[in-house]
Amino acid sequence: MSISANSLVFTIEGGQVLLLVVLRTCVGWLMAENGERRGKDVEPPQCSWEGRKNGVNLEFVNLQRSLLASQFISYHADPTDGFTSIGLTKANFEIQRPYNIPVDERYQFSFNDGVRRLWVYASDKPHALNSHTQPRTEIKIRGLDYSSGIRQFEGNVFVLQGTSGATIFQIFGAPKKEHRGATTMMLVIDSGNLRFYDKDLVASNVYDRWFRLNVIHDVSEGRIVVFIDGVHTFSTKVAGKAHYYFKFGVYASSRKSHYMESRWKDIKIYKKKNLRK
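Residues numbered from 1 in each chain as written. Predicted model: local features only at pLDDT ≥ 70, side-chain atom pairs only at ≥ 80, totals over all residues. Heavy atoms only, no water.

## Regarding the overall build of the protein
Spelled out, the test is: Runs of H or I in DSSP of at least four residues are treated as helices and runs of E of at least two as strands, each being numbered from the N terminus. Here the term buried applies to any residue with accessible area under 20% of the maximum for its type, exposed to any over 50%, and partly exposed to those in between, with areas from a 1.4 Å probe on protein chains only. Contact between two residues is taken to exist if any of their heavy atoms lie within 4.5 Å; hydrogens are not considered. Computed with the Shrake-Rupley method and a 1.4 Å probe, the accessible areas treat only the protein chains shown as cover for residues.
Helix and strand counts for the protein come out as zero helices and 23 strands. Buried positions account for 49% of the 277 residues belonging to the protein. In the protein, of all internal contacts separated by at least 6 residues, the share reaching a separation of at least 24 is 63%. Surface summary for the protein: the accessible area is close to 13,900 Å², and the carbon and sulfur share equals 47%.

Written out as structure tokens, the structure is:
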């Protein structure tokens, strides 16, 4: 069976992919054949390559970046490769919710599938009596604060249709001179799109589907990299050093919708001393 889209052509026989599509990583593009890396990373807006396997001619011409978001089969390195997992216990998950509402009215955990459901209303109170912040139901990763090295957050997330103006993930902590205030990163839901604060697009059409979120923070390099479903979609430089920790859930902004909800599972934290190791 042959499948083609625009000028992309590849062939599948007996369920075996004869040639896997060009893939994108955090450092550029990578060629792959049967799961083995081929050639060096390149960063062109388009690429061309010809190969031959089992008598089948295969050609990639003018492969645009947009194809990486398509339904076609791809191979890529896992963003957690080279990282060491940090064990998590119940004590590492600190729940923050409106101060006047019981936890189980804004947070649920399912022992059957491991899903953490967090929701909040625009009319809810802050998380503390004397706080002047927006309403939230969030989980703070407690006891794993960091100020050096490289940390990575991983989780599968589902954002309910209609949720908007809500931060679903934060790297909390920032140098005093940082203009963004208390955070180094906020990933905000904006009418079904995921954005870095209220600006750069990180992912589109995220409503009502599970997707895997990986965020890597290299403190020494001042760099943050985001992967959605294993594909690098965003990176940015961040200024200075501070004391950091991860948060996830729903935290309202001034442009909040009436109701906000996100669901999470398979939460993992990783560490690494140096990206080059």
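Read on, since the account is not over.
## Some points on the sheet that holds strand S18 (residues 200-203)
Defined as follows: Strands were regarded as paired on the criterion that DSSP finds at least two bridges between them. Geometry is summarised by axes, namely lines fitted to C-alpha atoms with helices restricted to the contacting stretch, and by angles between N-to-C directions that run from 0 to 180 degrees.
An order of S10-S13-S22-S15-S16-S17-S18 is seen for the seven strands of this open sheet, with the pairing classed as antiparallel. Since the sheet does not close on itself, it has two edges, and those belong to strand S10 (93-96) and S18, each with one partner. On average, each strand axis in the sheet is tilted by 20 degrees relative to the strand beside it, whichever way the strands run.

## A short note on the environment of Asn-100
Inspection of the secondary structure puts Asn-100 in the loop between S10 and strand S11 (107-109). The class of Asn-100 is partly exposed, set by a relative accessible area of 45%.

## Digging into the pairing of strand S22 (residues 245-252)
For S22, the buried fraction is high: eight of the eight residues fall into the buried class. Side chains Tyr-245, Lys-247, Gly-249 and Tyr-251 of S22 all project onto a buried face; the interleaved residues Phe-246, Phe-248, Val-250 and Ala-252 project onto the opposite face, where all are buried too. Of the pairings in the sheet, the one linking strand S13 (residues 136-141) to S22 comprises five bridges and is antiparallel in character. Across the sheet, residue Lys-140 finds its bridge partner in S22, namely Lys-247.

## Brief notes about the confidence of the model for the protein
Stated precisely, the cut-off is as follows: Confidence scores labelled pLDDT are given residue by residue by the predictor and lie between 0 and 100.
Chain-level pLDDT for the protein is 79 on average; 70% of the residues reach the 70-or-more range. Confidence drops under a pLDDT of 50 for residues 1-75, and excluding neighbours within four residues, the segment shows 131 contacts in the predicted structure.

## Description of the nonpolar core
Note the threshold: Definition of nonpolar core: a set of buried residues of the types Ala, Val, Leu, Ile, Met, Phe, Trp, Tyr and Cys, connected through side-chain atoms within 4.5 Å.
Counting 43 residues, the largest nonpolar core has Phe-169, Met-185, Leu-194 and Leu-213 as the members making the most contacts within it. Sorting elements by how many residues they give to this core places strand S16 (residues 183-190) first, with five residues. The contact partners of Met-185, leaving out residues within four places of it in the chain, are Phe-169, Gln-170, Ile-171, Phe-196, Tyr-197, Val-215, Ile-224, Val-226 and Phe-234. By size, the runner-up hydrophobic cluster in this structure holds six residues, among which are Phe-83, Ile-150, Val-225 and Tyr-270.

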